Amino acid sequence: MPHFPDLVCALSANQREDRDIVFIDGDDKQRALSFARLRPRALQLLGALQRRGVARGEAMILFVGDNERFVEMFWACLHGGIVPVPLAAGGTDEHRRKLFRVFAQFDRAWVYGETSTLERLDRFAAAQGLSQDWQRMREVWLGAGTLDLGGEPGTTIAPAPEDVAFIQFSSGSTSEPKGVVLTHRNLCANIAAIAAAARFSDRDLALSWMPLSHDMGLIGFHLNMLACGVTHAIMRTDLFARRPLLWLELASRRRATVLCSPNFGYQHYLRQYRSQRPQGLDLSSVRLIFNGAEPISAELCREFLEAMAPHRLNPNSMFTVYGLAEASLAVSFPQPGAPLQRVHLDRAVMRIGEPVRPLEAGDPRAASYVVLGRPIPGTAVRIAGDAREPLAESRLGHVHIRGDNVTAGYFRNEQATRLALGDDGWLDTGDLGFITGGQLVITGRSKDILFVGGQNYYPHDLERIAEGVDGIEANKVAAAAVNRGGAGEALALFVLHRGPPAALAPLALALRRAINQQTGLEVAHVVPVRHMPRTTSGKLQRYVLARAFESGEFDEALAALEPLLCASSAGDTATVPAASTASRLMAICERIVPERQITLQANLLEINLNSLTLARIHEAIDQEFPQRIEVTDLFDYPTLEALAAFLDAQSG
């Protein structure tokens, strides 16, 4: 695997007609773009940008959901010295808010997006008092599919290794998103190390549903694959959300050798797999399934591998890895083909600077963690104490990294850069862990970032939304990720409440609705607490609440509250005429969520349906009532009764 000086050289060296990028928008909606055709298409697009006055060094925010258009624009920017800034083009207010906050960090930035989003952004800006900012953004908005491609191809500007390739903004923070600045040297160093550590060759075939706005999707399963000469298919993320079984059906059909998913994806797949097992699935070609991007559940890995064993999946194909955007993606990999390794530790004695204490599997005091392998070539890892002093093996501490792949800092954020890099040049990842036998184990996060549903969220953003609910006071609610039974992390809201559970039920439903509507997140638990643990300086100790939850301290309160929530959201069970719109909607819900009885008055945003389930319900309704509703209409008409009235009014 050659080590390229920059990404433009990597594409130039792989001008192959026999290697493709396949864009999958549906079972029968697939488009192939050969490596050889990518460069001329990017240069044609670059010519259109240069005629519009887009200059070298300016930023291009990519707020586009179409993967093919994203890829073309990304490479057009790289060839012209323009700095791509990938953002998730989601449909929630949090996605729109993040777009405005990232845009505000630049003196001058262009925005590339679909014209279909303009009307919603216009309404959002008006409602949020951002009309002036929106006007400034409209002036530099480039509509996907509207640029003039009839002129001469653009002029390539050869990048230097130290030039900025792109800026990866943190996916979790919507109030103060941090931009990780990645150079061509950073990325090419990490790509070469990934290729060596995972033993990639041009005989591999890759398939990913991760979004290109995410570092695993963009770097791991596009840039890396292209540099290695690997044909790779990119499946739309929302397609996986709606039809998770299609993921491995495509892998079987395409004879894919390399797959990937964060923890929640395996859980989502298994949930539908158990009720609708596919036939004829053959996964014998798969040699690696990358598992990273969020904390890894050892138990979920075991469940997935056991479920796929009848389909000939190699039991040693699960490739549990560690990485982050600041490392240009990868930090540590296990040996390809090695069995999954776990350690079991006494959670009661896990303190920074202290040795971890191993326990036997099954011990009630034990927490299980997955071993994440050794540092990849060119990357150094150390474990440090609170004063950044190096710690010996088997001692818990802060995970620090160093290497050519590691960012030099954050975009226009000297304070965050200084805090992360310190005076010695080792970057503090914000994670806690230890080394055992030369291999890395991650135990948690020193930062308060929540990893839920494959995305990062800062708790204060969720708490801000919660405090907007009538009856919730400032500093009386805490958001934390909790894990019970090895099923992966779920979102819990802890609410200061000293009265009977019945008094909290209406507030709990309102909280679920507000969080789901603004972020798409499912609030798995609303937990009444009698006090909020804080440090002597007044800082909220969310991890104390999470540990208390996981130890069962709130089980009695939850047992009293959950029946009240179910009763409050159940609504009326009146009969519905069989041919009515309402009955057709109820039949759809019965098919999508057979384990739940969803009545006409039940609020879909309050009965604990996650965003993936809502997306599947929307898809089914769209098939029954073509082009009559958008997924956001579920927020405006959250009961089947209201939605039926809306649909009937449209047809009238």
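Look a little higher up for the structure.
Just so we're clear, the structure is a prediction, and the values are computed from it rather than from any experiment.

Chemist: Hey, could you run me through the overall build of the protein in this one?
Modeler: Looking only at helices and strands, the protein has 21 helices and 27 strands in total. In summary, the protein has a C-alpha radius of gyration of 25 Å against a globular reference of 26 Å for 652 residues, a match within 12%. In terms of principal-axis extent, the alpha carbons of the protein reach across some 70 × 65 × 55 Å. The buried share of the protein, taken over its 652 residues, is 58%. Restricting to contacts in the protein with at least 6 residues of sequence separation, those with at least 24 account for 72%.

Chemist: Looking at this structure, how should I read helix α8 (residues 215-227)?
Modeler: Since the α-helix packs 3.6 residues into each turn, any two residues three or four apart lie on the same face. Here α8 contains 13 residues, and its C-alpha end-to-end distance of 16 Å is more than 12% below the 18 Å for a straight helix at 1.5 Å per residue. Burial within α8 is extensive, with 13 of its 13 residues counted as buried. Gly229, located one to two residues past α8, shows a positive phi value of around 70°.

Chemist: For this particular structure, what's the right way to read the pairing of strand β5 (residues 109-113)?
Modeler: Looking down a regular strand, the side chains alternate between one sheet face and the other. Most of β5 is tucked away, with five of its five residues classed as buried. The alternating pattern of β5 places Ala109, Val111 and Gly113 and Trp110 and Tyr112 on opposite faces, both of which are buried. Pairing analysis gives five bridges linking strand β3 (residues 59-63) to β5, with the strands arranged parallel. Bridge assignment links Phe63 to a residue of β5, and that residue is Gly113. Summarising the sheet, β5 and strand β6 (residues 141-143) pair through three bridges and their orientation is parallel. Paired with Tyr112 across the two strands is Leu142, which belongs to β6.

Chemist: Explain the packing of aromatic side chains to me, please; I cannot follow it from the model alone.
Modeler: What describes a pair of aromatic rings is the distance from one ring centre to the other and the angle between the planes of the rings. By the definition in use, this model includes 23 aromatic pairs. Ring centres of Phe70 and Phe74 lie 6.2 Å apart, and the angle between their planes is 10°; this geometry places the pair in the stacked category. Placement of both Phe70 and Phe74 in helix α3 (residues 67-79) is noted, with a separation of four residues, approximately one turn of the helix. The pair Phe70 / Phe74 is uniform in exposure class, with both members buried. Clustering of aromatic rings is evident, with ring pairs tying together Trp209, Phe240, Trp247, Tyr266, Tyr269, Tyr273 and Phe304. The ring centre of Tyr410 lies 4.5 Å from the NZ or CZ of Lys178, which sits over that ring.

Chemist: Would you take a moment to explain empty space enclosed by the protein for this structure?
Modeler: Vacant regions in the atomic arrangement are exposed by a probe of water-molecule size rolled over the atoms. Applying the stated criterion across every chain, the model contains three cavities of 30 Å³ or more. Looking at the largest cavity, its volume works out to about 80 Å³. Lining the largest cavity are 14 residues, with Met318, Thr320, Pro334, Ala338 and Pro339 sitting closest to its centre. When residues in the lining of the largest cavity are grouped by element, the largest group, three residues, is from strand β13 (residues 318-320).

Chemist: What am I meant to see in the nonpolar core here?
Modeler: Within soluble globular proteins, side chains that are nonpolar tend to cluster in buried spots. By size, the foremost hydrophobic cluster in this structure holds 152 residues, and its most contacted members are Met60, Trp75, Trp247, Phe290 and Phe304. Apart from residues lying up to four places away in sequence, Phe304 is in contact with Trp247, Leu248, Tyr266, Tyr269, Leu270, Ile289, Leu313 and Met318.

Chemist: Hey, could you run me through the pairing of strand β17 (residues 366-370) in this one?
Modeler: The element β17 is extensively covered by neighbouring structure, given that four of its five residues are classed as buried. Sheet analysis places strand β16 (residues 342-346) next to β17, joined by five bridges and oriented antiparallel. Bridge assignment links Val343 to a residue of β17, and that residue is Tyr369.

Chemist: Could you clarify how one ought to interpret the sheet that holds strand β19 (residues 379-384) in this entry?
Modeler: Sheet strands line up and pair through hydrogen bonds in the backbone, either parallel or antiparallel. Read across the sheet, four strands follow the order β19-β20-β21-β22 without closing on themselves; strand pairing throughout is antiparallel. Since the sheet does not close on itself, it has two edges, and those belong to β19 and β22 (439-445), each with one partner. Neighbour-to-neighbour, the strand axes of this sheet turn through a mean angle of 50°, independent of strand direction. Sheet topology note: the strand β21 (residues 427-436)/β22 ladder contains six bridges and is antiparallel. Each bridged residue has a counterpart across the sheet, and for Thr436 the counterpart in β22 is Gln439.

Chemist: For this particular structure, what's the right way to read the pattern of salt bridges?
Modeler: Here the idea is simple: oppositely charged side chains can pair when their charged atoms come close. Overall, the coordinates contain 27 salt bridges when judged by the stated rule. For Arg31, the salt bridge goes to Asp66, with nearest N and O atoms at 3.9 Å. Separated by 35 residues along the polypeptide, Arg31 in strand β2 (residues 29-34) and Asp66 in the loop between β3 and α3 bring together distant segments of the chain. Take Arg31: its relative accessible area is 29%, and that puts it in the partly exposed class. The partner of Asp346 in a salt bridge is Arg357, and the shortest N-O contact between them spans 3.2 Å. Placement of the pair is Asp346 in strand β16 and Arg357 in the loop between β16 and β17, with a sequence separation of 11 residues. Members of the salt-bridge network, linked through shared partners, are Asp25, Arg31, Arg41, Asp66, Glu68 and Glu72.

Chemist: Looking at this model, I keep getting lost on the sheet that holds strand β27 (residues 523-529). Mind explaining?
Modeler: Taking strand neighbours across the sheet as the criterion, the three strands line up as β25-β26-β27 in an open arrangement whose pairing is mixed. At either margin of the open sheet sits one strand with a lone partner, and together these are β25 (477-482) and β27. Mean inter-strand twist for the sheet, computed between neighbouring axes without regard to direction, equals 25°. Here six bridges tie strand β26 (residues 490-496) to β27, and the two strands are oriented parallel to one another.

Chemist: How should I be thinking about unusual backbone geometry in this particular structure?
Modeler: Most peptide bonds are trans, and most residues other than glycine sit at a negative phi. The phi torsion at Arg312 lies on the positive side, around 70°, for a residue other than glycine. Its location among the elements puts Arg312 in the loop between α12 (298-308) and β13. Judged by relative accessible area, Arg312 falls into the exposed class, the value being 54%. Backbone geometry at Ser394 places phi at a positive 70°, although glycine is not the residue there. Of note, Ser394 is situated in the loop between β19 and β20 (397-403).

Chemist: Any chance you could explain helix α7 (residues 184-197) here in plain terms?
Modeler: Taking 1.5 Å as the rise per residue, α7 with 14 residues should run 20 Å; its terminal C-alpha atoms sit 20 Å apart, in good agreement. In terms of burial, α7 is a largely internal element, 12 of the 14 residues being buried. Taken together, the buried positions of α7 are His184, Asn186, Leu187, Cys188, Ala189, Asn190, Ile191, Ala192, Ala193, Ile194, Ala195 and Ala197. Two residues or fewer after α7 comes Arg199, characterised by a positive phi angle close to 60°.

Chemist: Whenever I open this one, the packing of helix α11 (residues 263-273) against α12 confuses me. Can you help?
Modeler: Two elements in contact, α11 and α12, have axes whose closest approach is 10 Å; the angle formed by their N-to-C orientations is 45°. Viewed along their axes, α11 and α12 adopt a mutual orientation that is oblique. Seen along the crossing, α11 lies across α12 with a hand that is left-handed. Here α11 contributes Asn263, Tyr266, Gln267, Tyr269, Leu270 and Tyr273 to the contact with α12, which in turn contributes Leu300, Glu303, Phe304, Ala307 and Met308.

Chemist: How do you make sense of the side chain of Asp431 when you look at a structure like this?
Modeler: With respect to the element layout, Asp431 can be found in strand β21. When sequence neighbours within four positions are dropped, the list of residues in contact with Asp431 reads Tyr322, Gly397, His398, Val399, Ile442, Gly444, Arg445 and Ser446.

Chemist: How should I be thinking about the environment of Phe646 in this particular structure?
Modeler: Residue position: Phe646 is located in helix α21 (residues 640-651). By relative accessible area, Phe646 is classed as buried at 17%. Residues Phe646 and Arg628, spaced 18 residues apart in sequence, show a C-alpha to C-alpha distance of 9.5 Å. With residues up to four places along the chain from it excluded, the contact list for Phe646 reads Arg628, Ile629, Asp633 and Tyr637.

What counts, and where the lines are drawn
- Residues numbered from 1 in each chain as written.
- Predicted model: local features only at pLDDT ≥ 70, side-chain atom pairs only at ≥ 80, totals over all residues.
- Heavy atoms only, no water.
- Helix = DSSP H or I, 4+ residues; strand = E, 2+ residues; numbered from the N terminus.
- Rg over C-alpha atoms; globule rule 2.2 N^0.38 Å.
- Buried < 20%, exposed > 50% of the residue type's maximum accessible area, 1.4 Å probe, protein only.
- Contact = heavy atoms within 4.5 Å.
- Expected span 1.5 Å × (residues − 1).
- Pairing = 2+ DSSP bridges.
- Phe/Tyr/Trp six-rings, centres within 6.5 Å; stacked < 30°, edge-to-face > 60°.
- Lys NZ or Arg CZ within 6 Å of the ring centre and 35° of its normal.
- 1 Å grid on protein atoms, 1.4 Å probe; cavity = no way out; pocket = protein on both sides within 12 Å on 5 of 7 lines; lining within 4 Å.
- Points joined across faces, edges and corners; volume = space filled by probe spheres on them.
- Core = buried A, V, L, I, M, F, W, Y, C linked by side-chain atoms within 4.5 Å.
- Axes fitted to C-alpha atoms, helices over the stretch in contact; angles between N-to-C directions.
- Salt bridge = Lys/Arg side-chain N within 4 Å of Asp/Glu carboxyl O.
- Parallel < 35°, antiparallel > 145°, perpendicular 65-115°, else oblique.
- Left-handed = near helix turned anticlockwise from the far one by under 90°.

Everything listed here is a matter of geometry and, on its own, says nothing about what the molecule does.
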